[in-house]
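# Structure assessment
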Amino acid sequence: MDGMVPSPPWRRVHASPLDCSDLLAEVLLRLPPHPASFLRASLVCRRWRRLLRDPAFLRRVRAFRRAPPVLGLYRIRPPGLFAFVPIGEAPDRVPAARFALRDSDDWVLLGCNHGRVLLRSRPGWTQLLVWDPVTGHRRCVRLAQFGSHVRAHNATVFGDRGGLARREGSFRVAFVFTGGGRASACLYSSETGAWGWLITAEAPSDDVRATSGTLVGGVLYWMLEECGILELHLGEERLTVLEPVPGAASVYSKNVQLMEAEGGMLGFAGVTEYSLQLWAREAQADGSVSETWVLRKTIGLHRFVLSPGESHLFMPMLVDVDEGGNFVFLWTVDGIYMVSLDAARFKKVSDTEPLEDVRPYSSFYVAGGFGGGEGEGDCGNSGTGP
């Protein structure tokens, strides 16, 4: 028909850069690492949703971001019962039911690290359970019987910082015990399904505490009862005892926690009266090999001053530190508070009860993703005790 422009014989279709899966993954890796960000992106289309819910993508996020957000707390009440309490505000608040262990009455919660929860059997230390609430993956590890000289135990689970070199769900566990003037440690690898050699060091009259272990670089640390520090070099498989902050036992009593300090150094947090003091173990200015403790920061806790007549049993207690060393958690008579160490901001995240303990849980989470983990079978047949 006159005046009409003929249609082209073909139309060139321009592909979107995000049609490339590798490029799309790189874009999604740079989303803010909060549950709501991942959820909104997963609603764009099925392709985005599949990628975000792929456990391999979760490992890449862990490698890229390093420090995951704190999703909630496991509140631990005598005689060892525990429950998860989310601490995020909507829309970043995760569902508590997703982080509940179905057979929790059989286990005592020890700590959380690298997106995993470590528990021991009840009663006694006969086996450990490593559980990832986000993926559902769980693995039981058997422990051997211990001699009568063993007085205290602790254990810490950890994965690769990069998380890409090993198989999905792989991890290691460091188990430590003290007694008879010695400290002993042993490392378990899920890659081999076996424990390594026993590592020992002298630790006269000092037992390992039940607080969380702290991983700094390739070294694990635990507090001892008299405020000494047990140091396990993972690469060298060497166990030593470090001196604590000067006067720590008298100044802080047991109101202390180890942490990773800024700069990748071992940190030490202690509460005295109404002050939170943050120390780091730094190299000496003269360039010598030895290190020394340096007080880096003091945060006032005067908002928690007790009323006249209130018992000093209700003084603020330092209960734990998140795995990135960004937040400390304080037990107060008013509730559990999360304190941001960079800006000294306080946020009440939970009510509390007397003698209650907490363990913060950090991970990356996509709603509806990563379900149905492996390793759901009988715990009695996994691993061989150290």
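Looking at an unreviewed UniProt entry, one finds the protein chain named F-box domain-containing protein and attributed to Urochloa decumbens.

### Comments concerning the overall build of the protein chain
Counting secondary structure elements, the protein chain contains 5 helices and 24 strands. Expressed as a percentage of the 386 residues in the protein chain, the buried residues total 51%. A separation of at least 24 residues holds for 53% of the contacts in the protein chain among residues at least 6 apart in sequence. Accessible surface, the protein chain: about 18700 Å² in total, of which carbon and sulfur atoms supply 53%.

### Let's talk about the sheet that holds strand β13 (residues 219-223)
By definition, the strands of a sheet pair up through backbone hydrogen bonds, in either a parallel or an antiparallel sense. Here we have 4 strands laid out as an open sheet, ordered β12-β13-β14-β15, and antiparallel in their pairing. Either end of the sheet is taken by a strand with one partner, and the two such strands are β12 (214-216) and β15 (238-242). Put simply, the sheet's adjacent strands are angled 25° from each other on average, direction ignored.

### Remarks on helix α2 (residues 35-42)
The element α2 is extensively covered by neighbouring structure, given that 6 of its 8 residues are classed as buried. The complete set of buried residues in α2 reads Pro35, Ala36, Ser37, Phe38, Ala41 and Ser42.

### Regarding the pairing of strand β20 (residues 317-321)
When you tally the buried positions in β20, you get 4 out of 5 residues, the bulk of the element. One ladder, built from 4 bridges, connects β20 with strand β21 (residues 327-332); its direction is antiparallel. Bridging across to β21, Leu318 finds its partner in Leu330. Where β20 hands over to β21, the hairpin turn is made up of 5 residues, of which Gly325 adopts a positive phi near 70°.

### Quick word on unusual backbone geometry
The omega angle of the peptide bond from Pro78 to Pro79 is 5°, so this bond is cis rather than trans. Note the cis peptide between Arg122 and Pro123, where omega equals -5°. Following the sequence through the fold, Pro123 ends up in the loop between β4 (116-121) and β5 (127-131). A positive phi angle, close to 55°, is found at His114, a residue other than glycine. Looking at the element boundaries, His114 is found in the loop between β3 (107-113) and β4. Even without being glycine, Ala344 reaches a positive phi, approximately 55°. Topologically, Ala344 is positioned in the loop between β22 (335-340) and β23 (345-350). In this structure Ala344 comes out as partly exposed when scored by relative accessible area, which is 31%.

### Structural notes on the environment of Thr211
With respect to the helices and strands, the residue Thr211 is situated in the loop between β11 (199-202) and β12. When its relative accessible area of 12% is taken as the criterion, Thr211 is described as buried. Residues Thr211 and Leu224 lie 13 residues apart in sequence; the distance between their C-alpha atoms is 9.3 Å. Each residue touching Thr211, except ones within four places of it in the same chain, is listed here: Asn154, Met223, Gln257 and Arg359.

### Remarks on the pattern of salt bridges
Applying the stated rule across the entire model yields 15 salt bridges. A salt bridge links Arg30 to Glu26, with the shortest nitrogen-to-oxygen separation between them at 2.9 Å. For Arg30, a relative accessible area of 48% translates into the label partly exposed. Take Glu26: its relative accessible area is 29%, and that puts it in the partly exposed class.

### Quick notes on the packing of aromatic side chains
For the structure on display, the rule yields 16 aromatic pairs. With a centroid separation of 5.8 Å and an interplanar angle of 40°, the aromatic rings of Phe175 and Phe177 are classed as tilted. Judged by relative accessible area, which is 0%, Phe175 ranks as buried.

### Side note on the sheet that holds β5
Reading across from one edge, β3-β4-β5-β6 is the order of the 4 strands in this open sheet, with antiparallel pairing throughout. Here the strands that pair on one side only, and so sit at the sheet edges, are β3 and β6 (138-142). Ignoring which end each strand starts from, the neighbouring axes of this sheet average 20° apart. Two strands pair when backbone bridges link them, and β4 and β5 are joined in this way by 4 bridges, in the antiparallel orientation. Its bridge partner lying in β5, Arg120 is registered against Leu128.

### Some remarks on the pairing of β23
Sheet topology note: the β22/β23 ladder contains 5 bridges and is antiparallel. What sits directly across from Ile336, in β23, is Ser350. Remark: 4 residues form the turn of the hairpin made by β22 and β23, two consecutive strands paired antiparallel; Ala344 in that turn has positive phi of roughly 55°.

Conventions and cut-offs
Residues numbered from 1 in each chain as written. Predicted model: local features only at pLDDT ≥ 70, side-chain atom pairs only at ≥ 80, totals over all residues. Heavy atoms only, no water. Helix = DSSP H or I, 4+ residues; strand = E, 2+ residues; numbered from the N terminus. Buried < 20%, exposed > 50% of the residue type's maximum accessible area, 1.4 Å probe, protein only. Contact = heavy atoms within 4.5 Å. Areas by Shrake-Rupley, 256 points an atom, 1.4 Å probe, with all protein chains shown as cover. Pairing = 2+ DSSP bridges. Axes fitted to C-alpha atoms, helices over the stretch in contact; angles between N-to-C directions. Salt bridge = Lys/Arg side-chain N within 4 Å of Asp/Glu carboxyl O. Phe/Tyr/Trp six-rings, centres within 6.5 Å; stacked < 30°, edge-to-face > 60°.

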